Amino acid sequence: MEGKFYTVNQVAEILGMHHKTIRKFITQGKLGANKLGKQWRISEEDLNSFMKQDVNTSDEDIKEDEEIEFSTNEINLSIIRPKINVSTVIEINEIDMEQYMRISNTLIAIMNCKDPSIGKSTMNMKYSKEDNRLRVMLWGTMKFTEEMLNTISLFIESTNLY
């Protein structure tokens with residue numbers, strides 16, 4: 001049976017690293033890879049071998065990636081599936097500080113619930129007192145985004161902000 005091959009981006013996602021770091025490991029010879037046309041392909045065997053190594057990264061890598069996470073635990077690569085991520089910005093106008101506090105506390109509580117469907121999703125909020133405007137920026141899975149949009153919609157309906 002032939003082994004599986006992964007792209008640089010797939011390996012970066014599996015290892016939680018930046019794709020430039022993976023390319024650097026390939027050019028330094030730390031990670032075995034084969035070039036097909038203009039793209040690198042990493043075999044499952046090379047990836048497993050790489051994951052068992054003690055990989056040192058320079059300070060330059062850390063600055064570029066901000067955070068590098070590396071695990072030598074065996075990963076069942078056959079269960080990794082392509083992910084779809086969604087980003088959106090919600091702008092709520094004419095919202096006072098009390099309403100902002102209620103909605104932000106609710107959304108933060110959802111983020112802190114540790115639901116596996118949230119995954120590595122992120123949320124940023126910015127409230128402008130001067131403009132009475134709240135901007136919520138979401139990035140994550142479709143399920144996460146749907147849940148957050150439904151929560152915001154329920155809040156808007158219950159406070160008659162339409």
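Structural notes, computed from the coordinates. (Residues numbered from 1 in each chain as written. Predicted model: local features only at pLDDT ≥ 70, side-chain atom pairs only at ≥ 80, totals over all residues. Heavy atoms only, no water.)

Within the chain one finds six helices and six strands. Order of helices (α) and strands (β) in the chain, N terminus to C terminus: β-α-α-β-β-α-α-β-α-β-β-α. Counting over 162 residues, the chain shows a buried share of 30%. Split by element, the accessible area of the chain, about 11100 Å² in all, is 48% carbon and sulfur. (Helix = DSSP H or I, 4+ residues; strand = E, 2+ residues; numbered from the N terminus. Buried < 20%, exposed > 50% of the residue type's maximum accessible area, 1.4 Å probe, protein only. Areas by Shrake-Rupley, 256 points an atom, 1.4 Å probe, with all protein chains shown as cover.)

What follows is about the sheet that holds strand S5 (residues 122-128). Spatial ordering of the open sheet is given by S4-S6-S5, a layout of three strands whose pairing is antiparallel. Two strands bound the open sheet, and with one partner strand each, they are strand S4 (85-93) and S5. For this sheet, the mean inter-axis angle between neighbouring strands, taken without regard to orientation, is 10°. As defined by bridge partners, S4 adjoins strand S6 (residues 133-141) across nine bridges and the pair is classed as antiparallel. The partner of Asn93 across the bridge, within S6, is Arg133. (Pairing = 2+ DSSP bridges. Axes fitted to C-alpha atoms, helices over the stretch in contact; angles between N-to-C directions.)

Here the focus is the packing of aromatic side chains. Tallied over the full model, the rule gives two aromatic pairs. Ring centres of Phe25 and Phe50 lie 5.2 Å apart, and the angle between their planes is 50°; on these two criteria the pair is classed as tilted. Of the two residues, Phe25 sits in helix H2 (residues 19-27) while Phe50 sits in helix H3 (residues 44-52), which places them 25 residues apart along the sequence. Where Tyr100 meets Tyr127, the ring centres are 4.6 Å apart and the plane angle is 15°; that geometry is what we call stacked. Linking Tyr100 in helix H5 (residues 97-111) with Tyr127 in strand S5, this pair joins segments that are 27 residues apart in sequence. Taking the relative accessible area as the measure of exposure, Tyr100 reaches 17% and is therefore buried. Among the residues examined, Tyr127 registers a relative accessible area of 16% and is labelled buried. (Phe/Tyr/Trp six-rings, centres within 6.5 Å; stacked < 30°, edge-to-face > 60°.)

In this section: the environment of Leu149. You can see Leu149 is positioned in helix H6 (residues 142-158). When its relative accessible area of 35% is taken as the criterion, Leu149 is described as partly exposed. A C-alpha to C-alpha distance of 9.3 Å links Leu149 and Leu138, two positions eleven residues apart in sequence.

Strands sit in the order S1-S3-S2 across an open sheet of three strands; the sheet is antiparallel. What marks the edges here is a single partner per strand, and that holds for strand S1 (5-6) and strand S2 (34-36).

Read these as geometric descriptors, not functional statements.
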